[in-house]
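Survey of secondary and tertiary structure
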Amino acid sequence: MVAIEYENLPHIVSIKDAIKKQSFLAQERFLEKGNIEAAFKRADHIAEGVVHIGGQEHFYIETHGCLAKPKEDGEMDIHATVQYPQHVQMIACRVLGEKANRIRCHVRRIGGAFGGKCYRLTTALACAVAARKCGKPVRLILSRTEDMSLTGTRQPTYAEFKAGFTDTGVLQALRVKVYCDAGCYEDCINWVGAHILFNLDSVYSIPNIHTTAICCKTNKATNTAFRGYGAPEAIHIIENVMYDIATVCQISQMQVREINFHREKPTLTYFGSSLDDFDNFHRCWLECVTKSNYHQRRRVVDVYNAQNRWTKRGLAITPNKHLVGMLPIYKMQCMAMVTVYIDGTVLIHQSGVEMGQGIFTKMIQVASRVLGVPHDLVHCQETSTTTVPNQYGASASCTADRNGYAIKNACETIMERLKPYKDADPKGSWTDWVMSAYENRVNLAAIGFYKCADVTWSWVTKTGRPYMYPVYGTACSEVEVDCLTGNHQVLRTDIVIDIARSMNPAIDIGQIEGAFMQGYGLFALEDHRYSPQGILLTNGPHAYKIPCFMDIPSDFNITLLRNSKTERAVYSSKGVAEPPVSLANSVFFAIKDAIRSARADVGLTGPFRLDSPATGERVRLACADSLVGKFPVPEPGTYKPWEAPL
Ligand code: MOS
């Protein structure tokens, strides 16, 4: 009954176009320290460059799906594959014109999320509207192609930098302008841009620095949160700066990093927040140098490269610091409910969504530890807005901290209530104490609450501490590149990471492996291509290359730094989900190191641009031998028909 006339308007597909047309969404944000202009004047060298990082598809195993069931009195049960059930509840209220006490969102578990199921709720909302309209349950599960085309990606990021440094490679002044491709509306990319700025100095001391983040509006699906939330991009940008400084000063890639590490005490970020236990970073770095046998392997790689023209090896060691926690501060609160039944079993309700990261297991561990009961007496039920209301989603690597503290608090309350019965019968069992408490009319259900004391930030005064704690790490990777095809293989990766005292090393090492491989996809494999009209062409695994079994480093060693602890994480167990993504920068710079050797063979020795991801095509072209000399390296975001995979 509706006739729609369409008209093609000019559209913006790339960041480059957005800059040209000044298509920006949010106000630009900046951070600064010192006086960069004066420092540029004093510098022995100035290097300018650009860095481009492509977007990334979340590629969770389970696509977005939802089942919405209308109930009586305006009630509705929404079973949705999301990280953030409260958000579904609140937005569903808006689209249905309903009140929050009628709408329930439930999540038992989801097949991966990685940030892609935090704010992208369209599937759930469509089901809710249809269910309300028809008065019947409605289910919708997106196909992979639909999911990839509709739900947005990690935001493509483009940065322009100008660095001033001494002859010896000491970075004195840095200006970075970062552009994020938000897609057609804002979602959370403004916050991602802020997180890029907060993480941009990584582990380096930069006396004069000015950083800006700008969100570009493009006519593509809205981009959204993705594991790391800007930190991997930030680390990638600063590591590119380090790469160019080393090249200009003709010092080693390792040395340029070491001479720019923070050495001062107390150690502060460039926006003045303290970096706790920074010595732990130095320990990660030194242990990684030793464990990877870096110096000896450097010589072996150089010998290999001197003897081979068409395959090259590359070796790189890169540092990492990731700030865990999130803004604004209302997100850093948490509630949990713990119930003890008279048979002695324990039921936990908490707000962390299980998406394969093992949150239920960790939360059962916390309850079992405080209550002093075996794990098999504790059960963790689905996450829902009814049992634990007003909760922020599972995100920012601190879900275990927030919920763990809340569960600990609830369990401690229960232990206080049980204490008289325990004291009266010290030889009795857990079930005996529970039973006598029950018979004496003691409340055996408790609500726990947690709020993080000091995650604050003001954009007006530019002061605060926008994180709970930093996670430090270092990775060393070696690759072999086939210069004629541009393909590569990761031969070995060594990681040393400081997550303090892991609550569950089996889960955490799995998380580190997974995060590293996802970062590897980001920096080396996963490339989006759009048609000139902005249609996503790489809309399935046939055209979009994600890491597979054969891409896992043949030799993959992970070490958790010993003798580290923190008061800021529950049981001193720091967040692990996102920090290792950035460690995959070591692979990117190992590839760049291999290309450097290939270019040196044709007499090219200066800095060169390599966009991320380092796909076969880009690597092949960057090798710049006589066979490819004719083809310029394609500018990212300009999509020529011959580049499209169709
Ligand atoms: Mo995440 S990127 O903290 O949802």
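Here goes a summary of the coordinates provided. (Residues numbered from 1 in each chain as written. Predicted model: local features only at pLDDT ≥ 70, side-chain atom pairs only at ≥ 80, totals over all residues. Heavy atoms only, no water.)

With that settled, the discussion passes to the overall build of the chain. A count of helices and strands for the chain gives 16 helices and 20 strands. Relative to its length of 646 residues, the chain is compact, with a C-alpha radius of gyration of 26 Å against a globular reference of 26 Å. Its C-alpha atoms give the chain principal-axis dimensions of roughly 85 × 70 × 50 Å. Each of the 646 residues in the chain was classed as buried or not, and the buried ones make up 60%. Look at the contacts in the chain between residues 6 or more apart in sequence, and 80% of them connect residues 24 or more apart. About 26200 Å² of surface is accessible on the chain, with carbon and sulfur atoms providing 54% of the total. Measuring between centres, the 70 positive side-chain charges of the chain sit 1 Å from its 65 negative side-chain charges. (Helix = DSSP H or I, 4+ residues; strand = E, 2+ residues; numbered from the N terminus. Rg over C-alpha atoms; globule rule 2.2 N^0.38 Å. Buried < 20%, exposed > 50% of the residue type's maximum accessible area, 1.4 Å probe, protein only. Contact = heavy atoms within 4.5 Å. Areas by Shrake-Rupley, 256 points an atom, 1.4 Å probe, with all protein chains shown as cover. Lys, Arg positive; Asp, Glu negative; His and termini not counted. Charge placed at Lys NZ, Arg CZ, Asp CG, Glu CD.)

Taking 1.5 Å per residue, 21 residues should reach 30 Å; helix 14 (residues 505-525) reaches 28 Å between its end C-alpha atoms and fits that length. Among the 21 residues of helix 14, 15 are classified as buried, and the element is accordingly described as predominantly covered. (Expected span 1.5 Å × (residues − 1).)

With that settled, consider the nonpolar core. Of all hydrophobic cores here, the largest spans 153 residues; its most connected members are L174, L200, I407, W430 and I591. A total of ten residues in this core trace back to one element, the largest contributor, which is helix 12 (residues 399-424). Leaving out residues up to four positions away in the same chain, I407 has contacts with A336, V338, I348, Q350, M363, V366 and A367. Counting 26 residues, the second largest nonpolar core, distinct from the first, contains V82, A92, V107 and M355. (Core = buried A, V, L, I, M, F, W, Y, C linked by side-chain atoms within 4.5 Å.)

Should their charged atoms come close, side chains of opposite charge can pair. Tallying each qualifying case throughout the model produces 33 salt bridges. Between R297 and E478 there is a salt bridge, with the nearest N and O atoms lying 2.9 Å from each other. Here R297 is found in helix 10 (residues 294-307), whereas its partner E478 is found in strand 18 (residues 469-482), with 181 residues between them in sequence. Side by side, R297 and E478 carry an identical accessibility label, which is buried. For R529, the salt bridge goes to E617, with nearest N and O atoms at 2.7 Å. Residue R529 is found in the loop between helix 14 and strand 20 (555-560), and its partner E617 is found in helix 16 (residues 616-622); the two are separated by 88 residues along the sequence. For R529, a relative accessible area of 10% puts it in the buried group. Residue E617 is classed as partly exposed on the basis of its relative accessible area, which comes to 29%. Residues joined by salt bridges that share partners form a network here, namely R297, E478, R492, D494 and D555. (Salt bridge = Lys/Arg side-chain N within 4 Å of Asp/Glu carboxyl O.)

Taking every second residue as pointing to the same face, both faces of strand 12 (residues 346-349) are buried, with V346 and I348 on one and L347 and H349 on the other. Note: strand 11 (residues 333-340) against strand 12, four bridges, orientation antiparallel. Counted as the bridge partner of M337 is H349 from strand 12. Between strand 11 and the antiparallel strand that follows it, strand 12, lie five residues; G344 among them carries a positive phi value of about 90 degrees. Inspection of the sheet shows strand 12 paired to strand 13 (residues 378-380) by three bridges, in the parallel sense. Bridge assignment links V346 to a residue of strand 13, and that residue is V378. (Pairing = 2+ DSSP bridges.)

The four strands lie next to each other as 13-12-11-15, forming an open sheet whose pairing is mixed. Looking at which strands have only one partner, the edges of the open sheet turn out to be strand 13 and strand 15 (445-451). Averaged over neighbouring strand pairs, the angle between their axes works out to 20 degrees when direction is ignored. Looking at chain direction, strand 11 and strand 15 are connected through seven bridges and run antiparallel. Within strand 15, the position partnered with C334 by the bridge is Y450. Set on the sheet, helix 11 (residues 359-371) makes contact with strand 12 and strand 13; between it and strand 13 the angle comes to about 145 degrees. Docked against the sheet, helix 12 engages strand 11, strand 12 and strand 15, running at close to 140 degrees with respect to strand 15. (Axes fitted to C-alpha atoms, helices over the stretch in contact; angles between N-to-C directions.)

Geometric descriptors of this kind do not, in isolation, establish any biological role.
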